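One letter stands for each residue in the lines below.
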There are 2 protein chains.
Amino acid sequence: MNLKTYLVSRQKLIDRALDWYLPKANRKPATLHRAMRYSLFAGGKRLRPILCLAAAEACRGKIDNALPLACAIECIHTYSLVHDDLPSMDNDDFRRGRPTCHKVFDEGIAVLAGDALLTIAFEIVSRAKPRPRYDMSTLLREVAVAAGSQRLIAGQVADLEAEGKKVKRRELQFIHENKTAAILQSSVRLGAMSANADARKLAATTQFGQHLGLAFQVIDDVLDVTQTSERLGKSAGKDVAAKKATYPAVMGLQESRVEARRLTSKGHKALSVFSNRDAETLHALANYLLEREY
Amino acid sequence: MNLKTYLVSRQKLIDRALDWYLPKANRKPATLHRAMRYSLFAGGKRLRPILCLAAAEACRGKIDNALPLACAIECIHTYSLVHDDLPSMDNDDFRRGRPTCHKVFDEGIAVLAGDALLTIAFEIVSRAKPRPRYDMSTLLREVAVAAGSQRLIAGQVADLEAEGKKVKRRELQFIHENKTAAILQSSVRLGAMSANADARKLAATTQFGQHLGLAFQVIDDVLDVTQTSERLGKSAGKDVAAKKATYPAVMGLQESRVEARRLTSKGHKALSVFSNRDAETLHALANYLLEREY
């Protein structure tokens, strides 16, 4: 398998589906729909929806059943970026190489565009096909809990509250587990659910998602220190400037890299219930995330 | 039926359920959960959830089946108030007689508390009981569409964009139909759905909700002109100060009152498919909303 080709074809598939789910840019109120699309089609790597589809494939499910859930997750991810970038939060001017939503539109519209992306995520969930083991209530709850006040939003609050403070490793792990790993983990869980995975495979996928999600954020922290803004498409060195709680700040750069490898390796091990062939893409994606440079 | 007693007992029922659904105030991250509860338990009249329960009763459904949907709607209503009050939107310092969420906490927390209230609304929807005619996907879509970019949020965008402009009656109706009537209409529709209402009763409830929702906002506009801030529990006269598009501004105070009565009367007529006894509470609520002074 050529991973580059795979990623590009998956990105195209997801972009087409998102374009279909989102109201057209000229649909009233046009400002709002343009803002939603501006942020959603800003060249994101679509890692979460790609992981969702790959988990579905590992469980021998159909891509079509996973696609609405994958797109819902990407809308939630994008909403969280739009709101996190607001002046009242991280106050970021650049994201994915372009001015942030509130810089192009205004702050009020950015708040509302984020709200609308979060809301449409749930509308898209309603289009998913319930499975014998996972009814619509279960799918809905999975998404709502992962995006909710004790997971995604808890991570963002803890992140804001940790700024400028000396943070212990345990608190740092709380932030990362919730801010990043919760949605990443749900991405693969939803993929498995869409494939009607049995309890053993869902548990393995959950473990994989947990380790991969943490590894992902550790690597993100490392890249913020080591890469240029141009390369990242967002302001590099921002974590240090904002005195953010990060792995390099708490355990040093070298130890952070070791930790990312250790977590990725645990992710690989979690996949042992799958045949190598079934889990091939998930393994490749885990390595790709570890080696990425932006 | 004594309406005052009925309203108080319903408010208590809804408050108890909301308290049960929401994470406790000391639950981590405590700031966020305190902010969510601060706005949700700020003494709101619970009109939308009460209408939801009353519609369920009109369709001879069980209150318990309607309660999660009623609570979800109240969370969505509260989130929309928290975000609308933000400095980047209506910039309101008072709401329900108390300082707004962003005045007590800070702006970042108010954005996140609104996000969390919107998200938990969908988690609460997942607890509703699907009905033979209305499965979980249908209930979910009803909520997501009403709260989405072409209804609730469309109304707020149009409202922001109309500020300071001379607005025609048609545009004003678009704002009110979406900003207010969409959620109010869904409140009664969800009540009917929870009672497994047949198509005829659902259509009647939909009509009722549409007229009542518009009447509600016309009355709100009138009260903003005629009542004191103390009475309203929010800043009175704000619409005029912000050059908002309102019914009194477009058609005058007297004509607005006539319009509210006309819409309420249409609401009553829409209920003709129900026996007087079944629809007694809905009729009483429509009159109560028309005659209210705050």
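Relevant structure appears above.
Given the structure is predicted, the values throughout are model-derived calculations rather than measurements.

A. Quick look at the packing of helix H2 (residues 30-40) of chain A against helix H6 (residues 107-125) of chain A. Residue and element names in this part refer to chain A. Between H2 and H6, the shortest axis-to-axis distance is 9 Å and the interhelical angle comes to 75°. Classified by the angle between their axes, H2 and H6 sit roughly perpendicular to one another. Here Thr 31, Leu 32, Ala 35, Met 36 and Leu 40 of H2 come into contact with H6, specifically with Ile 109, Leu 112, Ala 113, Ala 116, Leu 117 and Ile 120. When the residues that make up the contact of H2 with H6 are grouped by side-chain class, the tally is 10 nonpolar, one polar and no charged.

B. Structural detail: the environment of Glu 142 of chain A. All names here are of chain A. With respect to the element layout, Glu 142 can be found in helix H7 (residues 136-146). Spatially, the C-alpha atom of Glu 142 lies 9.9 Å from that of Met 193, the residues being 51 residues apart in sequence. Those residues within four positions of Glu 142 in sequence are excluded, and the remaining contacts are Ser 186, Arg 189, Leu 190 and Met 193.

C. Focus on the relation of the copies chain B and chain A. Overlaying chain B with chain A gives an RMSD of 0.0 Å, the required rotation being 180° about an axis along which the chain moves by 0.0 Å. Taken together, the turn and the small shift mark the pair as related by a two-fold rotation axis. Closest approach to the rotation axis within chain B is made by the C-alpha atom of Met 136 of chain B, at a distance of 3.0 Å. Looking at the interface residues of chain B, 100% of them are also at the interface in chain A, so both copies use one shared face.

D. Structural context of unusual backbone geometry. All names here are of chain A. Of note, the amide linkage connecting Lys 28 to Pro 29 takes the cis form, showing an omega dihedral of -5°. On the secondary structure map, Pro 29 appears in the loop between helix H1 (3-21) and H2. Backbone geometry places Asn 196, a non-glycine residue, at a positive phi of 55°. One can find Asn 196 in the loop between helix H9 (169-194) and helix H10 (199-226).

The rules behind the values
Residues numbered from 1 in each chain as written. Chains lettered and ligands numbered in written order. Predicted model: local features only at pLDDT ≥ 70, side-chain atom pairs only at ≥ 80, totals over all residues. Heavy atoms only, no water. Axes fitted to C-alpha atoms, helices over the stretch in contact; angles between N-to-C directions. Helix = DSSP H or I, 4+ residues; strand = E, 2+ residues; numbered from the N terminus. Parallel < 35°, antiparallel > 145°, perpendicular 65-115°, else oblique. Contact = heavy atoms within 4.5 Å. Nonpolar A, V, L, I, M, F, W, Y, C, P; charged D, E, K, R; others polar. Least-squares fit on C-alpha atoms with pLDDT ≥ 70 in both.

Nothing here speaks to function; it is all geometry.
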